[in-house]
Amino acid sequence: MDLREESSRFGSFSGANLRNLSSSSSAFFSANQSPFFSPRSPTCQIPTRSDIPCDITKKVVESLASNSGIPPPESPLIVRFPASDVSSVPPPSTSSHFWKFDHVSSSTGIASNTLSCYGNEYVRHIEKQKKLGRIHGTSHTQTSTLFSSHRLRRYDVYIGFHGRKPLLLRFTNWLRAELEAQGLSCFVTDRARCRNSRKHGIVERAMDACSFGVVILTRKSFKNPYTIEELSFFSGKKNLFPIYFDLGPDDCLVRDIVERRGEMWEKHGGELWALYGGLENEWKDAISALSRVDEWKLEARDGNWRDCILRAVTLLALKLGRRSVVDRMTKWKEKAEKEELPFPRNENFIGRKKELSELEFMLFGDVSGDAERDYFELKARHRQKNVTIGWGRSSSVEERRRERQMKSGRRKGKEPVMWKESEKEIEMQSIEFPQTKQEAPKPKSGTRHGRRRRSIKVVYGKGIACVSGESGIGKTELLLEFTYRFHQRYKMVLWVGGESRYIRQNYLNLWSFLEVDVGVESGFEKSRIKSFEEQEESAVARVRKELMRNIPFLVVIDNLESEKDWWDRKLIMDLLPRFGGETHILISTRLPRVMNLEPLKLSYLSGVEAMSLMQGSMKDYPVAEIDALRVIEEKLGRLTLGIAIVGAILSELPINPSRLLDTINRMLLRDLTRSGSETHSLRKHNFLLQLFEVCFSIFDHTGGPRSLATKMVLASGWFAPASIPISLLSLAARKIPEKHHHTRLWKKFLCFLTCGFTSAQIRKSEAEASSMLLRFNIARSCTKAGQIQFNELIKLYVRKKGVIGVAQATVQAVISRGSISQHAEHIWAACFLLFGFGKDPIVVELKVSELLFLVKEVILPLAIRTFITFSQCSAALELLRLCTNALEAADQVFVTPVEKWLDKSLCWKPIQTNAQLNPCLWQELALSRATVLETRAKLMLRGGQFDIGDDLIRKAIFIRTSIHGEDHPDTVSARETLSKITRLLANVQIHALP
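Residues numbered from 1 in each chain as written. Predicted model: local features only at pLDDT ≥ 70, side-chain atom pairs only at ≥ 80, totals over all residues. Heavy atoms only, no water.

An unreviewed UniProt entry lists the chain under the name Disease resistance protein, with Actinidia rufa as the source organism.

### So, the sheet that holds strand 10 (residues 464-468)
Spatial ordering of the open sheet is given by 11-12-13-10-14, a layout of five strands whose pairing is parallel. Strands with a single pairing partner mark the edges of an open sheet, and in this sheet they are strand 11 (492-497) and strand 14 (600-601). Two elements, strand 12 (residues 553-560) and strand 13 (residues 584-589), share five bridges in a ladder whose sense is parallel. Its bridge partner lying in strand 13, V555 is registered against I585. Across the sheet, helix 19 (residues 475-486) lies against strand 10, strand 11, strand 12 and strand 13, angled at about 160° from strand 13, the strand it touches most. (Pairing = 2+ DSSP bridges. Helix = DSSP H or I, 4+ residues; strand = E, 2+ residues; numbered from the N terminus. Contact = heavy atoms within 4.5 Å. Axes fitted to C-alpha atoms, helices over the stretch in contact; angles between N-to-C directions.)

### Digging into the side chain of E582
Structurally, the position occupied by E582 is in the loop between strand 12 and strand 13. A polar contact of 3.3 Å, which involves the side chain of E582, links it to the side chain of N173. (Polar contact = N/O pair within 3.5 Å; in protein donor to acceptor, adjacent residues only side chain to side chain.)

### A word on helix 26 (residues 657-666)
Buried within helix 26 are the following residues: P657, L660, L661 and I664. Seen along its axis, helix 26 keeps its buried residues to an arc of 100°; they face one direction. In helix 26, the exposed residues that point more than 90 degrees away from the buried face are R659 and R666. Looking at the buried positions of helix 26, the neighbouring elements they touch are helix 24 (623-635), helix 25 (640-652) and helix 28 (686-703). (Buried < 20%, exposed > 50% of the residue type's maximum accessible area, 1.4 Å probe, protein only. Arc of directions from axis to C-beta.)

### Here we look at the nonpolar core
Judged by nonpolar contacts, the single largest core of 221 residues is most densely connected at I243, L773, I778 and F835. With 12 residues, the single largest contributor to this core is helix 36 (residues 848-870). In this view, I778 contacts I645, C695, F699, V713, L773, F790, N791 and I794; residues no more than four positions away in its chain are not counted. Core analysis: the next-biggest nonpolar cluster, separate from the first, contains 32 residues, L240, V254, I257 and A286 among them. (Core = buried A, V, L, I, M, F, W, Y, C linked by side-chain atoms within 4.5 Å.)

### Description of the packing of aromatic side chains
Applying the stated criterion across every chain yields a total of 25 aromatic pairs. Plain terms: the ring middles of F233 and F234 are 5.2 Å apart, the flat faces sit at 65° to each other, and that makes the pair edge-to-face. You can call F234 buried: its relative accessible area is 0%. Their ring planes at 45° and their centres at 6.0 Å tell us that F692 and Y797 sit as a pair that is tilted. Separated by 105 residues along the polypeptide, F692 in helix 28 and Y797 in helix 33 (residues 792-801) bring together distant segments of the chain. According to the relative accessible area criterion, F692 is buried, its value standing at 0%. The class of Y797 is buried, set by a relative accessible area of 1%. The rings of Y502, W566, W567, W828, F832 and F837 are connected pair by pair, giving a single aromatic cluster. The ring of W305 has R489 lying over it, and the distance from NZ or CZ to the ring centre is 5.7 Å. The lysine or arginine in question, R501, covers the ring of F832, its NZ or CZ lying 4.6 Å from the ring centre. (Phe/Tyr/Trp six-rings, centres within 6.5 Å; stacked < 30°, edge-to-face > 60°. Lys NZ or Arg CZ within 6 Å of the ring centre and 35° of its normal.)

### Examining the sheet that holds strand 17 (residues 787-790)
If you trace the three strands from one edge of the open sheet to the other, you get 15-17-16, paired in antiparallel fashion. Each edge of the open sheet is held by one strand with a lone partner, namely strand 15 (724-725) and strand 16 (779-781). Alignment of strand 16 against strand 17, held across three bridges, turns out to be antiparallel. The residue of strand 17 that forms the bridge with S781 is I788.

### A word on the pattern of salt bridges
Summed over the entire model, instances satisfying the criterion amount to 39 salt bridges. A salt bridge links R780 to E477; the nearest nitrogen and oxygen atoms lie 3.0 Å apart. With R780 in strand 16 and E477 in helix 19, this pair connects stretches of sequence that are 303 residues apart. As a salt-bridge pair, E934 and K938 come within 3.7 Å of each other at their nearest N and O atoms. In this pair, E934 and K938 both sit in helix 40 (residues 919-942), four residues apart, roughly one turn of the helix. For E934, a relative accessible area of 8% gives the class buried. The exposure class assigned to K938 is partly exposed, which follows from its relative accessible area of 40%. (Salt bridge = Lys/Arg side-chain N within 4 Å of Asp/Glu carboxyl O.)

### Here's the deal with a positive patch on the surface
Residues K165, R219, K220 and K267 make up a contiguous surface patch of positive charge. Residue R219 is classed as partly exposed on the basis of its relative accessible area, which comes to 33%. (Patch = residues over 30% accessible without salt bridge, like charges linked within 9 Å, V, L, I, M, F, W, Y side chains within 5 Å. Areas by Shrake-Rupley, 256 points an atom, 1.4 Å probe, with all protein chains shown as cover. Lys, Arg positive; Asp, Glu negative; His and termini not counted. Charge placed at Lys NZ, Arg CZ, Asp CG, Glu CD.)

### Re the environment of I309
You can see I309 is positioned in helix 15 (residues 305-319). Along the sequence, I309 and Q488 sit 179 residues apart, while their C-alpha atoms lie 9.9 Å from each other.

### Some words on the pairing of strand 10
Burial of strand 10 is extensive: five of the five residues sit out of reach of the surface. Here strand 10 shows two buried faces, one formed by I464, C466 and S468 and the other by A465 and V467. With five bridges connecting them, strand 10 and strand 13 associate as parallel partners. Along strand 13, the bridge assignment pairs A465 with L586. Sheet topology note: the strand 10/strand 14 ladder contains two bridges and is parallel.

### Observations concerning the side chain of S707
Within the secondary structure, S707 sits in the loop between helix 28 and helix 29 (708-716). Excluding its chain neighbours within four sequence positions, the residues that come into contact with S707 are F699 and D700.

### Things to note about the pairing of strand 4 (residues 212-217)
The element strand 4 is largely enclosed, with a buried count of six among its six residues. Strand direction decides the pairing type here: strand 2 (residues 157-160) and strand 4, joined by four bridges, are parallel. The residue of strand 4 that forms the bridge with Y158 is G213. Note that strand 4 and strand 5 (residues 240-245) share five bridges and pair parallel. Across the sheet, the residue bridging to L217 is Y244, located in strand 5. Handedness of the β-α-β unit built from strand 4, helix 11 (residues 225-236) and strand 5 comes out right-handed. (Right-handed = clockwise from strand over helix to strand, strands pointing away.)

### Some points on the packing of helix 36 against helix 37 (residues 873-894)
Helix packing geometry: the angle between the two helix axes and the distance between the axes. Interhelical geometry of helix 36 versus helix 37 gives an angle of 165° and a closest axis separation of 9 Å. Judged by the inter-axis angle, helix 36 sits roughly antiparallel to helix 37. The handedness of the crossing between helix 36 and helix 37 is left-handed. On helix 37, the residues touching V848, L851, V855, I859, L860, L862, A863, T866 and F867 of helix 36 are C873, A876, L877, L879, L880, C883, A886, L887, A890 and F894. Considering only residue class, the contact of helix 36 with helix 37 consists of 18 nonpolar, one polar and no charged. (Parallel < 35°, antiparallel > 145°, perpendicular 65-115°, else oblique. Left-handed = near helix turned anticlockwise from the far one by under 90°. Nonpolar A, V, L, I, M, F, W, Y, C, P; charged D, E, K, R; others polar.)

Next up, the structure:
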């Protein structure tokens, strides 16, 4: 907002009044001796007691109206100033009641309701009056008492700023929220937007009572008389804490500003005190005071917001004696540096300038830095009355009610935007009503609820962006480059794998970064037991609530497979925080459209960029070889993945492009197993698959037939989409059977002879194989040490190749070496292969002894951890149910009579069963089934499903009684569980009676 707009909203200032304003530090010092201020000028009168209640009541009505979504009654104050200008925040100990009324009316959260200035006592009083239906009749005496108590309030930090640029507001709001999260009370205001003497009086008392004064300085701050006054006042009290926003301390020299020296002040400099009628000496003294602040000189530039804010919070906490805050911030910073982003930055990233600029504009509504030069033009879009982001539909009655509200709230000037959220939809609703009937959407016959769901264009500045493109085109690379460029604008980047089977678990894994509890223990209420669905929703809501605070996070959902969760078919949007807040959502997907939004379509690299990626910087090819590169690019479908692999081959091997093209063309492909959409998508890229086979041939030529590197690629197809530990991947690769049986026997004999040297040799071969995969761009490195990840297109291809024994080897490796706390995704992937979730077939079958080990060491700990720690009730119970089915199927095999002649000949009896042949193994199998049944029954208790739990525990008791007898401790424990279930079930039946 430039000075003309500010002066028009201020009204005209006389020279005398502005002189009084800029030299008012004496008035502040007099406030230290008295809690009251004497009037200084007609423009700064403190309201009398009779003036306070009416104005406060108006503010309360506005606050309640905004919180309920109902437009407030028209008044001159509301029409001119739709958002209040003063914001104060109580300490965290009392913030639970405060936030019920301190509704943020803008996307930045800075301009919150002025009611917060009066403290929580007044909020509770108004809430009580509202319940009694007497909110408009608040007594003058009570209000005056509350106002007097507010005058005694002290704040840890005062934050003053000036301007309405989105990035400035975002930075200020983040600083405020971070201080509050660490227990420091704040008072935030842009004094230029205070419109009456009462608000100015509140701000002045806050300035006088605060411990430190933070002043955020921009290029336009020196034109603002209030910023000059804040600098003078806090520098006089020796508690000034300046933060330079998009400028530095060396830029804030009086001589440079006045004489317009430098690129910055050529436009914004001059005799700035004359713009508001101030005094030259006072203005110069205020600017010169910045040079005397040697201890704190923080610069908030585009690439260091996070570091600046964390440094500011740490310094203020140290000065205030909050040592615990400093320790907490230090630990959090160390964790973020190690675990924030899953992949290191791609140093060879090329192109995508337009896409990066568009993503920035879609999320922030603004661009900065070098992106402004490379910026693009956006086509003007017609204003829509209703823009729905989501899948919800409203009834015609609900639509008419909203239209009446919009019509009643219509007014001149800028069109305010109100975000509304319900269980069915999240929508951005304009308050302006269409001018003519033709503008209203006409219902069409044959459509549900009389209207058709329409997709919308990209929404800019609302904190959500989606990138769509086919597999291998470079979506993840684009998102990764964006996060590395803009990660300083967020407290943390939260990377979530979007695969439908894992996305909910990946989302709940954010608890360690957000420091929230998503366990099922916190899902109980004293009055009743929550159902499983309620407990799952409660866990998601706690993460979602943390992301909806004013602290900005960037949630990156990479490779979103479906708009619905695989487990319960619920919408993925239910996991996400409200759009338009401080947290931003960035999605990559192969879907053509997500959440009713038209995503950013990611196109191919330009010819020059693709040629540069293949050619590298060290080789200069003749024209014939350049033509061969162009042919390779076209045959690859211009996919970035294939282009990067070609560039790696040309840089690693002494081969020219024409010979490589001939080699790829002569490479034969084996038939892919099964059919379906995935196989069809693979067959569209036959040349890329031939390129994969060329890489496998190179690996085999280097390390012998079926080298370790090739086996690692084959095994990767059966792991989860997450990053894979190299040691686990290598173990799975070594378990893959050889093509020839005699070769496998010879290797076993050789391994026996050299068993003392195998450990070092294995580590060396693992390192060599993984290094080869990384050099040829078949795999990518991860920030976690000793882990790599493969592109989903490569994993899909090796699965479809159908090499015998690979899935079995992968499952055995994961079961024997996998850690539930560190490799939970890969253990789940093994369970999907073993038990056939949903309509999936059972891919791997285990021996009975292996199944018993699996149940005891893997399934039970995994299910309990999934249920208790992450509130994933449905997934845990389904896993235990399928495990029970597998144990029952194995038991059925044990009790089936043996039909083999050899088994008959070795026994006296003509027909026997496996249970009789192996009684110990059969008993262990039965007892394992009883343990699973008992675990299921105990978990059913937590969801209130007592009848199912009763049936399960009775089966467990029968098995244990048959094997151990009545007095065995396990049988007694199961009977105690049955007694508890019976008692709870009886209580439910009693309460159900009329």
